[in-house]
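Results of the structural survey
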Amino acid sequence: MTTKTRTVLTDQEVENAYRVLKPVVEHTPLQHSEYLSQKYGCQVYLKREDLQQVRSFKIRGAYYAIHQTPEADRKRGVVCASAGNHAQGVAWTSREMDLPATIFMPTTTPQQKVDQVKFFGGENVTIKLVSDTFDEANEAANQFCEQNQQTFIAPFDNLNTMAGQGSLAVEVFDDAAEKNLDVDFLFAAIGGGGLISGVSTHTKAVSPQTTVVGVEPSGARSMAQAFSVDHPVNLDKVDTFVDGAAVKKVGQLTYNTCQKYVDRLVSVPEGLDSQTILEVYSKLAIVAEPAGALSIAALEVYKDQLPGKTVVCVVSGGNNDINRMQEMEEKSLVYQGLQHYFLVSFAQRAGALREFVNVVLNPDDDITKFEYTKKVNSSEGPVLLGIRLGQAENLGQLLDRLTKFDPNYTNLRDNPQLYRMLV
């Protein structure tokens, strides 16, 4: 990766942030995972930022950025835009310092995160839900700052914010030294790039041989896009499923720093991320939000390079809305090739469904969705079918038999618009 002369974060700034934050934030554990270590044939350690006071690393950057703001300015009020976790960090800090804070959040933010912001900030916080994306909320927050002469606390593109996030890497390598570990790979999520900037800056200062891997959701690869054109650029479209990392455009400062210190970028499909969320919950009793699970999900992408290595994954947050678990299970099953949806024409006669079950389905398949309305004066009618395979490799046989049953069936996987409308 080429490096141009631009403003980048320094390790001195990260170390300064660590000293300020040490008595304020939790020193979260660097926890060995026996399950993941056995699964990938390496030694996996999880940096448990989901155990912070606000259940994410964002408290570090929020507190430090506000701490570094002149007292007279911060007393007039601070403002931020956030999909949830940065907002909670600002809210917690505003109550600790007894400051007024106005927080702009996209209307798509999970209610659980909105409620947590109210809880942490109490009477110090005013919440404004605006627009559908972080970037639009960010613009509204900046306009509010100009109109009211208050201080904007950037969620990622600010050296103080980046330095605060990087303080967790100081803990990682201090703990690694105590455990006599040489870290081969460090995985951390990328949204706007604040976390990976801070973490990579300190990592390369104290352990230059460690490969730093930034992990993005496939539906919001803003850093990868910036790398491809050599500057931050707006994505045409952002999938908001991984809400904590659904950023349309990374920051200039974070891009500069990542260009210098991040070794590799990798993307994770939302289905794999969902599968990982469910896996770490059931196997490790860890509640990880979609952005928080990205680093662990990336192990699956990198599994051929991991045997025998020592790996650190930053579990960046645990603010997961329990109401989304069904959606995550669905995405996981689709990703694994087990859940499928079709539009199939059925003869409008008794026994048609029985025939389908007996002739088309594999013995261990299951119908999970069946929607049908009888058509008057018609010999056949469309049925929306959800089928869960007992084994993903049986799909080919099922499709062959389905083609004989209805040569004109529609596989909704091939029609995303119909999928979104019907499923």
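Coordinates for the structure precede this section.
Below, the structure is looked at part by part. Just so you know, these numbers come straight off a predicted model, no measurement behind them. (Residues numbered from 1 in each chain as written. Predicted model: local features only at pLDDT ≥ 70, side-chain atom pairs only at ≥ 80, totals over all residues. Heavy atoms only, no water.)

Strand order in the open sheet formed by six strands is E1-E2-E10-E7-E8-E9, with mixed pairing between adjacent strands. A strand with exactly one partner marks an edge of an open sheet, and here the two such strands are strand E1 (30-32) and strand E9 (264-268). Each neighbouring strand pair of the sheet contributes to a mean axis angle of 25°, computed without reference to strand direction. Strand direction decides the pairing type here: strand E7 (residues 185-189) and strand E8 (residues 211-217), joined by five bridges, are parallel. Across the sheet, the residue bridging to Phe185 is Thr211, located in E8. Running over the sheet, helix H13 (residues 290-301) touches strand E2 (43-48), E7, E8, E9 and strand E10 (310-315) and is turned about 150° from E10. (Pairing = 2+ DSSP bridges. Helix = DSSP H or I, 4+ residues; strand = E, 2+ residues; numbered from the N terminus. Axes fitted to C-alpha atoms, helices over the stretch in contact; angles between N-to-C directions. Contact = heavy atoms within 4.5 Å.)

What follows deals with the pattern of salt bridges. Summed over the entire model, instances satisfying the criterion amount to 16 salt bridges. A salt bridge links Arg48 to Asp50, with the nearest nitrogen and oxygen atoms 2.8 Å apart. Accessibility assignment for this pair places Arg48 and Asp50 in one class, buried. The partner of Arg349 in a salt bridge is Glu355, and the shortest N-O contact between them spans 2.6 Å. Taking the relative accessible area as the measure of exposure, Arg349 reaches 47% and is therefore partly exposed. (Salt bridge = Lys/Arg side-chain N within 4 Å of Asp/Glu carboxyl O. Buried < 20%, exposed > 50% of the residue type's maximum accessible area, 1.4 Å probe, protein only.)

Their axes nearest at 11 Å, the elements helix H10 (residues 222-229) and helix H11 (residues 252-261) cross at an angle of 70°. By the angle between their directions, the pair H10 and H11 is classed as roughly perpendicular. In contact with Met223, Ala226 and Phe227 of H10, H11 contributes Thr254, Tyr255, Cys258 and Gln259. Among the residues making up the contact of H10 with H11, the classes are represented as five nonpolar, two polar and no charged. (Parallel < 35°, antiparallel > 145°, perpendicular 65-115°, else oblique. Nonpolar A, V, L, I, M, F, W, Y, C, P; charged D, E, K, R; others polar.)

What follows covers the packing of helix H1 (residues 11-21) against helix H9 (residues 194-206). Contact geometry for H1 and H9: axes closest at 9 Å, N-to-C directions at 110°. On the basis of the axis angle, H1 is roughly perpendicular to H9. Between H1, through Asp11, Val14 and Glu15, and H9, the contact on the second element is made entirely by Gly198, Thr201, His202 and Ala205. By residue class, the composition of the contact of H1 with H9 is two nonpolar, three polar and two charged.

Together, Leu353, Val357, Phe370 and Tyr372 give the surface a local cluster of nonpolar side chains, amounting to about 310 Å² of exposed area. Those elements that place two or more of their residues in the nonpolar patch are helix H15 (352-359) and strand E12 (366-372). Along the chain, the position of Leu353 falls in helix H15. (Patch = residues over 30% accessible without salt bridge, like charges linked within 9 Å, V, L, I, M, F, W, Y side chains within 5 Å. Areas by Shrake-Rupley, 256 points an atom, 1.4 Å probe, with all protein chains shown as cover.)

The subject of this paragraph is helix H7 (residues 134-148). For H7, built from 15 residues, the straight-helix expectation of 21 Å at 1.5 Å per residue is met to within 8% by its first-to-last C-alpha distance of 21 Å. Where H7 is concerned, the buried positions are Phe134, Ala137, Ala140, Ala141, Phe144 and Cys145. In an axial view of H7, the angular spread of the buried residues amounts to 145°, which keeps them on one side of the axis. Exposed side chains of H7 directed beyond 90 degrees from the buried face belong to Glu146 and Gln147. (Expected span 1.5 Å × (residues − 1). Arc of directions from axis to C-beta.)

With that out of the way, let us pick up the pairing of strand E3 (residues 78-81). The alternating pattern of E3 places Val78 and Cys80 on one face and Val79 and Ala81 on the opposite face, and all of these are buried. Of the strand pairs in this sheet, E3 and strand E4 (residues 101-105) are connected by four bridges, and their pairing is parallel. Bridging from a neighbouring strand, Cys80 pairs with Ile103 of E4. Where the polypeptide runs from E3 across helix H5 (residues 85-97) and back to E4, its parallel neighbour, the crossover connection is right-handed. Inspection of the sheet shows E3 paired to strand E6 (residues 151-152) by two bridges, in the parallel sense. The partner of Val79 across the bridge, within E6, is Phe152. (Right-handed = clockwise from strand over helix to strand, strands pointing away.)

In this section: the pairing of E8. Buried residues dominate E8, accounting for seven of its seven residues. In E8, alternate side chains face the same way, and those of Thr211, Val213, Val215 and Pro217 on one face and Val212, Gly214 and Glu216 on the other are all buried. Between the parallel pair E7 and E8, the chain is carried across by H9, and the sense of this crossover is right-handed. Where E8 and E9 come together, five bridges link them in parallel fashion. Bridge pairing in E9 places Val213 opposite Arg264.

We now examine the sheet that holds E6. Across the sheet, four strands lie side by side as E5-E4-E3-E6; this open sheet has parallel pairing. The sheet is open, and its two edges are formed by strand E5 (125-129) and E6, each paired on a single side. Seen against the sheet, helix H6 (residues 111-121) touches E4 and E5 and runs at an angle of roughly 160° to E5. Across the sheet, H7 lies against E3, E4, E5 and E6, angled at about 160° from E3, the strand it touches most.

A word on the side chain of Ser222. Residue placement: Ser222 occurs in helix H10. Leave out the neighbours within four places in its chain, and Ser222 touches Gly191, Glu216, Leu235, Val247, Lys248, Lys249 and Val250.

Any link to function would need more than the numbers given here.
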